[in-house]
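Given next are the chains, with one letter for each unit.
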Amino acid sequence: MKRIINQTPNRPTGLALGLLPFVLVLLVYMVASAARLAENPNDPLLPSLSAMAESFQRLATEPSRRTGDLVLWVDTAASLTRLGLGVLISMAMGLMVGILTGLIPYVRRAFSPFVAVLSMIPPLAMLPILFIAFGVGELAKVMLIIFGIAPFIMRDVQQRVEELPTEQLVKAQTLGASTWQIMLRVVLPQVFPRLLDATRLALGSAWLFLIASEAIAATEGLGYRIFLVRRYLDMETILPYVAWITLLAFTADILLRLITRYCFPWYGGGRSR
Amino acid sequence: MSAVTARNLWKEYDSDVVLENIDLHVPAGEFVTIVGASGCGKSTFLRMLLGEESPTRGELLLDDAPMPAEPGPDRGVVFQKYSVFPHLTALKNVMVADELAGARLTGRLFGSARRQARERAMDMLQAVGLDHAADKYPSELSGGMQQRLAIAQALMKDPKVLLLDEPFGALDPGIRKDMHALILDLWQRRGLTVFLVTHDLQEGFTLGSRLLVFDKVRHDPQAPGAYGANITYDIPLQRQNPALYDEVRERVAAAEQETLKESTR
Ligand SMILES: Nc1ncnc2c1ncn2[C@@H]1O[C@H](COP(=O)(O)OP(=O)(O)O)[C@@H](O)[C@H]1O
Ligand SMILES: [Mg+2]
């Protein structure tokens, strides 16, 4: 018998093992839900899968009686717009600041400590300030995401730039490259896949900040909806929404991985994360 | 082709003396190999020639003018590793020199200028025997091929001086022989001035036209950093001398022992 560290499952077994926890959770839920509903058919806490599917379908396809909107899609569009804006702006800022602080000693000395302190501020503590400063509209929500993840991305990119072997920078100079050209042709392309990695890691926090700000002040959005219907213990809406958010987050993660794989075939790092 | 001169050259890091009082004149077109115990300052000397480090004292001249204080296209370089850009294919690694020169703002060429750069790069790849691997990324190349690529890339700017820091140190002996043939051929055809640091004494003795041995002449057992290395042998290699080879080998081995003792103390 080989040691267990030397035993690897074959493909089908591996797949089955990966599915196992999902199936288990689902089973446990179904059993618990059935037990509760058997006692009280109106129990709101653990709705049956079919009830949730119905509710989800209603939210996705039937116009709301109050506003005439397709609630799920309005919420999804609003949330994804905020998230996308916040994440894209954070990426742009992270790339710019990270490359400059990583590559140019004067800029590093000037801004690196500042960014380090900035990243220590708990973003949620900033939320009231952001609402006061930017109003309760879209801007404050996008700003919270930026506050939450841009410093992390900046620092990560800076670190990646500093990790580039000096040999490469010297080599570029012996090929006649200016500082600008080194940024453009040596640093930027090598740091870009790492930016995507950092973004992937930051995406979880970005969702957190999005939902937090939507919970507090919004008129639509995935986070807003969950916290709205919480008052009525409307688990039939909440649980499918949570699953939907998870699916969106998962898709974003996969998309970023695919972009990295296809746009940067030379890049091997970060694949296992 | 350029001459290199050092006069009373010192390099210190804080209180550690790495090189002390180096005097050297290397006429244009010479192929200098440098050997010495590890940590004795060979790479430091090369970094000064590159302009990556500046002398603490003394003069370092390139064709009678002070060595520029930063790396530039007149001095090409090949390191033991990380010499090529991992995000560019072999062809683009070689093309990049012309692209940088031709497009100051974007660093990229288009149209006929690009075709021209491509052709020149292909010729260079052919010269180092890599034309069949033009579209491969460095990670897909063997160690020897990567170093060929690094040499091709370094030669695109027609540097006057080519600096190589243990370029073949990680290669198998058979491949090393091929690389020796390549570098000698390029040296003779292009009239380069070459400085090559090596760990392999055999390589140092057979490859170039002149061998320099870096070693500490004085030791202070209480303070290993008190004295730096100097050039203890400066051997023209046209007249090869087996007795001298043995002597140098013993000295270098002894110096390695000394370094080992110092670092374990
Ligand atoms: N940037 C630096 N700061 C301080 N000490 C250094 C630095 N670079 C090299 N040294 C020291 O200088 C000595 C020579 O290093 P190096 O030139 O790399 O040796 P070699 O290439 O001959 O093995 C070593 O003792 C090393 O620790
Ligand atoms: Mg060295």
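On a predicted model such as this, the values are computed, not experimentally measured, just so you know.

Helices and strands together make up the secondary structure of chain A, namely 10 helices and 0 strands. Its C-alpha atoms give chain A principal-axis dimensions of roughly 80 × 65 × 30 Å. Counting every position in chain A, which comprises 273 residues, the buried fraction comes to 41%. Carbon and sulfur atoms form 69% of the exposed surface of chain A, whose accessible area is close to 15,300 Å².

What follows is about the pairing of strand β8 (residues 193-197) of chain B. Note on strand geometry: in a regular strand, side chains alternate between the two faces of the sheet. All names here are of chain B. Of all 5 residues in β8, 5 are buried; the element is thus mostly enclosed. Burial along β8 is two-sided: T193, F195 and V197 and V194 and L196, pointing in opposite directions, are all buried. Both strand β7 (residues 161-165) and β8 contribute to a ladder of 5 bridges, which runs parallel. Following the sheet pairing, L162 is matched in β8 by V194. Assessed by its sense of winding, the connection that carries the chain from β7 through helix α5 (residues 173-190) to β8 is right-handed.

Moving on to unusual backbone geometry. Residue and element names in this part refer to chain B. At Y82, a residue that is not glycine, the phi angle is positive and equals roughly 60 degrees. Relative to the elements of secondary structure, Y82 occurs in the loop between β6 (75-78) and α2 (90-102). Overall, Y82 belongs to the partly exposed group, its relative accessible area being 43%. With a phi close to 50 degrees, D158 is a non-glycine residue in the positive phi region.

Turning next to the interface of chain A and chain B. With 22 residues of chain A in contact, the opposing surface of chain B contributes 33 residues. Here chain A packs against chain B, burying approximately 2,400 Å² in sum over the two surfaces, 62% of which is carbon and sulfur. Scanning the region where chain A abuts chain B turns up 1 salt bridge. The closest approach of N and O atoms between B:E99 and A:R185, which form a salt bridge, is 2.8 Å. Along the contact surface separating chain A from chain B lie 11 residue pairs in polar contact (both at pLDDT 80 or more). Among the secondary structure elements, those contributing two or more residues to the side of chain A that touches chain B are α7 (166-174) and α8 (179-216) of chain A. When residues of the side of chain A that touches chain B are assigned to their parent elements, the largest contribution, 8 residues, is made by α7(A). Per-class residue counts for the side of chain A that touches chain B are 11 nonpolar, 8 polar and 3 charged.

Another aspect to go through is the confidence of the model for chain B. In the predicted model, chain B carries a mean pLDDT of 88, and 96% of its residues have values of at least 70. Scored as a whole, the predicted complex attains pTM 0.87, and scored at its interfaces, ipTM 0.88.

This part takes up the side chain of B:T89. Residue and element names in this part refer to chain B. One can find T89 in the loop between β6 and α2. With a relative accessible area of 11%, T89 lands in the buried category. The residues contacting T89, other than those within four sequence positions of it, are A134, D135, K136 and Y137.

Once that is clear, we can look at the nonpolar core. Counting 97 residues, the largest nonpolar core has A:V187 and B:I151 as the members making the most contacts within it. Residue contacts for B:I151: discarding those within four places in its chain leaves B:V78, B:F168, B:M179, B:L182, B:I183 and B:L186. Among the nonpolar cores identified, the runner-up in size contains 30 residues, and B:C40, B:L46, B:L50 and B:V77 belong to it.

What counts and what doesn't
Every residue gets a number counted from 1 within its own chain, in the order that chain's sequence is written. Chains carry letters and ligands carry numbers; both start at the beginning, A for chains and 1 for ligands, and go up in the order they are written. Given that the model is predicted, a residue must reach a pLDDT of at least 70 before its local features are reported, and side-chain atom pairs must reach 80 or more before they are shown or counted; all residues, however, enter totals for whole chains, interfaces and linings. With hydrogens and water stripped out, all remaining heavy atoms of the structure feed into the side-chain values. A run of DSSP states H or I qualifies as a helix once it reaches four residues; a run of E qualifies as a strand once it reaches two. Both are numbered from the N-terminal end. Any residue under 20% of the maximum accessible area for its type is buried, any over 50% is exposed, and the rest in between are partly exposed; the area is computed with a 1.4 Å probe on protein chains only. Each accessible area is a Shrake-Rupley result for a 1.4 Å probe, and residues are judged covered by the shown protein chains and nothing else. When DSSP locates at least two bridges between a pair of strands, those strands are taken to pair. When the strands point away from the viewer and the path from the first strand over the helix to the second turns clockwise, the crossover is right-handed. Residue contacts are defined here by distance: any two heavy atoms, one from each residue, within 4.5 Å place the two residues in contact. Buried area counts how much accessible surface, traced with a 1.4 Å probe, disappears from two parts once they are put together, with both parts' losses summed. The rule for a salt bridge is simple: a side-chain nitrogen of Lys or Arg has to be within 4 Å of a carboxyl oxygen of Asp or Glu. By the criterion applied in these results, polar contacts are pairs of N or O atoms within 3.5 Å in which, for protein atoms, one can donate a hydrogen and the other can accept it, and in which residues neighboring in sequence qualify only through two side-chain atoms. Ten residue types, Ala, Val, Leu, Ile, Met, Phe, Trp, Tyr, Cys and Pro, are classed as nonpolar, four, Asp, Glu, Lys and Arg, as charged, and the remainder, Gly among them, as polar. Confidence of the prediction at every residue is given by pLDDT, a number between 0 and 100. Put simply, buried Ala, Val, Leu, Ile, Met, Phe, Trp, Tyr and Cys residues joined by side-chain atoms within 4.5 Å make one nonpolar core.

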